[in-house]
Amino acid sequence: SAVLRLSGVSKSYNKGLPGEIHVLRGVDLTLAPGEVTALVAPSGAGKSTLLHIAGLLDTPDAGIVEIAGEDMTGRPDRRRTAVRREAVGFVYQFHHLLPEFTAVENIVLPQLANGATRAEAEDRARALLDSVGLAPRATHRPAALSGGEQQRVAFCRAMANAPRLLLADEPTGNLDPETSGRVFDALMTLVRETGLSALIATHNLELAARMDRQLHLDQGNLREG
Ligand code: ADP
Ligand code: ADP
C-alpha cells in the first residue's frame, strides 16, 4: 500500500489579494515503499510547498493527503504531529544539527523524545552513522565536520525514528558536485537498507537521473518522466 498519496492537492498564497500565486493545481502523487523519487523543478516552482504539505507541516487549500493509508484531512493537530513524528523524516539544504551536541547525540535526541531508551537510541545512532561511513566521526560536533559529513549526519537524524517517508528539500544543494554525489550515495544506502520511500527535491538532473522515478513540477502540475 502507498506510503504517501496526494489527490487533487491545490495551494495558493495571498489568496484573494493582488499578489495571489497558485503554486499547486490539483497535484496527484502516490509513493510506494522502497521507492526513491526525484522532485525536479526550478527555484520558486513550489517544491518546498509540496514537501511541507506531504510532511504535514502545512495544509492544502483543497485535496487529500494520506500517509500510510490514513487520510489526514481535518485530523486534529495532535494527530498530525504524532503521524509526522512517527512516519516522516525531513532533510533540508542546511543541516540544522544542534551545534552543542555530537553527531551521535543529534541522532539520539529525537529517539529519546519518541520514547526510546538511551541504550537503544545509541545503538541505532551508531549503526546509522556506520552505514554512511561516519563511525569515526560519531563524537564530533557539527562544527568539526565537513559539509558533506554534516549532511550525512542530518540524514541519519531524519531516519532516527525509522520513518516510512523521507522528505528531502535540496539535500545536496549546498555541496560541490563531488561531495553531492557521495552524500547522495549515502542517502541511497540508507534508503535501501530501511525500505522507506523518499521524495527528494533537487535541481541536480544528474542526481535525479539516478533515482527510481523523476517527477517534474511545472506551472503547479506534476508530470512523470
Ligand atoms: P521552491 O521550493 O520550488 O523554491 P516554494 O514552494 O518555496 O518553491 O515557493 C513557491 C512559490 O510560492 C514561490 O513563488 C514563493 O515565493 C511562494 N511562497 C512560498 N511560501 C510563501 C508564503 N508563505 N507566502 C507567500 N508566498 C509564498
Ligand atoms: P525551506 O527549504 O522551505 O526553505 P528550511 O530549511 O528553511 O526549508 O526549513 C524551515 C522550514 O521548516 C520552515 O518553513 C518551517 O515551516 C518548517 N518546519 C516547521 N516545523 C518543523 C519541524 N518540526 N521539522 C522540520 N521542519 C519544520
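Residues numbered from 1 in each chain as written. Chains lettered and ligands numbered in written order. Predicted model: local features only at pLDDT ≥ 70, side-chain atom pairs only at ≥ 80, totals over all residues. Heavy atoms only, no water.

The name given to the protein chain in an unreviewed UniProt entry is ABC transporter ATP-binding protein, and the organism recorded there is Roseivivax isoporae LMG 25204. In its Sequence similarities (unreviewed entry) section, the UniProt record describing the protein chain reads: "Belongs to the ABC transporter superfamily." (UniProt positions renumbered as here; feature names shortened; annotations may be inferred.)

Student: Just give me the short version of the overall build of the protein chain, but keep the residues and values in it.
Tutor: Check the secondary structure of the protein chain and you find seven helices and ten strands. Since a compact globule built from 225 residues should have a radius of gyration of about 17 Å, the 17 Å found for the protein chain is in line with a globular shape. The C-alpha extent of the protein chain, read off along each of the three principal axes, is 50 × 40 × 35 Å. Burial analysis of the protein chain (225 residues in total) assigns 47% to the buried set. If you sum the accessible surface of the protein chain, you get close to 10,400 Å²; carbon and sulfur atoms cover 49% of it. Side-chain charges of the protein chain comprise 24 positive and 27 negative groups, with the mean position of each set lying 3 Å from the other. (Helix = DSSP H or I, 4+ residues; strand = E, 2+ residues; numbered from the N terminus. Rg over C-alpha atoms; globule rule 2.2 N^0.38 Å. Buried < 20%, exposed > 50% of the residue type's maximum accessible area, 1.4 Å probe, protein only. Areas by Shrake-Rupley, 256 points an atom, 1.4 Å probe, with all protein chains shown as cover. Lys, Arg positive; Asp, Glu negative; His and termini not counted. Charge placed at Lys NZ, Arg CZ, Asp CG, Glu CD.)

Student: If you had to explain the site of ligand 1 to someone new, which residues and values would you point to?
Tutor: Every residue near ligand 1 is listed here: Tyr 13, Ile 21, Val 23, Pro 42, Ser 43, Gly 44, Ala 45, Gly 46, Lys 47, Ser 48 and Thr 49. In this structure, an oxygen atom belonging to ligand 1 sits 2.9 Å away from a main-chain N or O atom of Gly 46. Relative to its free-state accessible area of 570 Å², ligand 1 is covered by the protein chains to the extent of 60%. Elements supplying a minimum of two residues to the shell around ligand 1: strand 2 (21-31) and helix 1 (47-54). (Near = heavy atom within 4 Å. Polar contact = N/O pair within 3.5 Å; in protein donor to acceptor, adjacent residues only side chain to side chain.)

Student: An account of the side chain of Lys 47 is requested, with residue identities and associated values reported.
Tutor: Here Lys 47 lies in helix 1. A distance of 3.1 Å separates the side chain of Lys 47 from the backbone oxygen of Pro 42, its partner in a polar contact. For Lys 47, the residues in contact, after removing those within four places along its chain, are Leu 39, Val 40, Ala 41, Pro 42, Glu 170, Ala 201, Thr 202 and Leu 217. (Contact = heavy atoms within 4.5 Å.)

Student: Lay out the site of ligand 2 in plain terms, naming residues and giving numbers.
Tutor: Taken together, the residues surrounding ligand 2 are Ser 48, His 52, Leu 57, Tyr 92, His 96 and Asp 169. Within the side chain of Asp 169, a nitrogen or oxygen atom sits 2.8 Å from an oxygen atom of ligand 2. Its residues assigned to classes, the shell around ligand 2 shows two nonpolar, three polar and one charged. (Nonpolar A, V, L, I, M, F, W, Y, C, P; charged D, E, K, R; others polar.)

Student: An account of the sheet that holds strand 5 (residues 70-71) is needed here, citing residue identities and associated values.
Tutor: What the four strands build is an open sheet, ordered 2-1-4-5; its pairing is antiparallel. The open sheet has two edge strands, strand 2 and strand 5, and neither has a second partner. Examined bridge by bridge, strand 4 (residues 62-67) and strand 5 share two bridges and lie antiparallel to one another. Its bridge partner being in strand 5, Ile 67 is matched across the sheet by Glu 70. In this fold helix 1 packs onto strand 1 (4-13), strand 2 and strand 4, with an angle of close to 125° to the strand it touches most, strand 1. (Pairing = 2+ DSSP bridges. Axes fitted to C-alpha atoms, helices over the stretch in contact; angles between N-to-C directions.)

Student: I'd like a rundown of the environment of Glu 120, residues and numbers included.
Tutor: Looking at the element boundaries, Glu 120 is found in helix 4 (residues 118-131). Along the sequence, Glu 120 and Phe 155 sit 35 residues apart, while their C-alpha atoms lie 18 Å from each other. Side-chain polar atoms of Glu 120 contact the backbone nitrogen of Thr 117, separated by 3.0 Å.

Student: Could you give me a rundown of the pairing of strand 10 (residues 221-224), with the residues and numbers involved?
Tutor: Remember that side chains alternate between the two faces of the sheet whenever the strand is regular. By the bridge criterion, four bridges tie strand 9 (residues 213-218) to strand 10 in an arrangement that is antiparallel. Counted as the bridge partner of Leu 215 is Glu 224 from strand 10. In sequence, strand 9 turns back onto strand 10 through a hairpin of two residues, with Gln 219 there showing a positive phi of about 55°.

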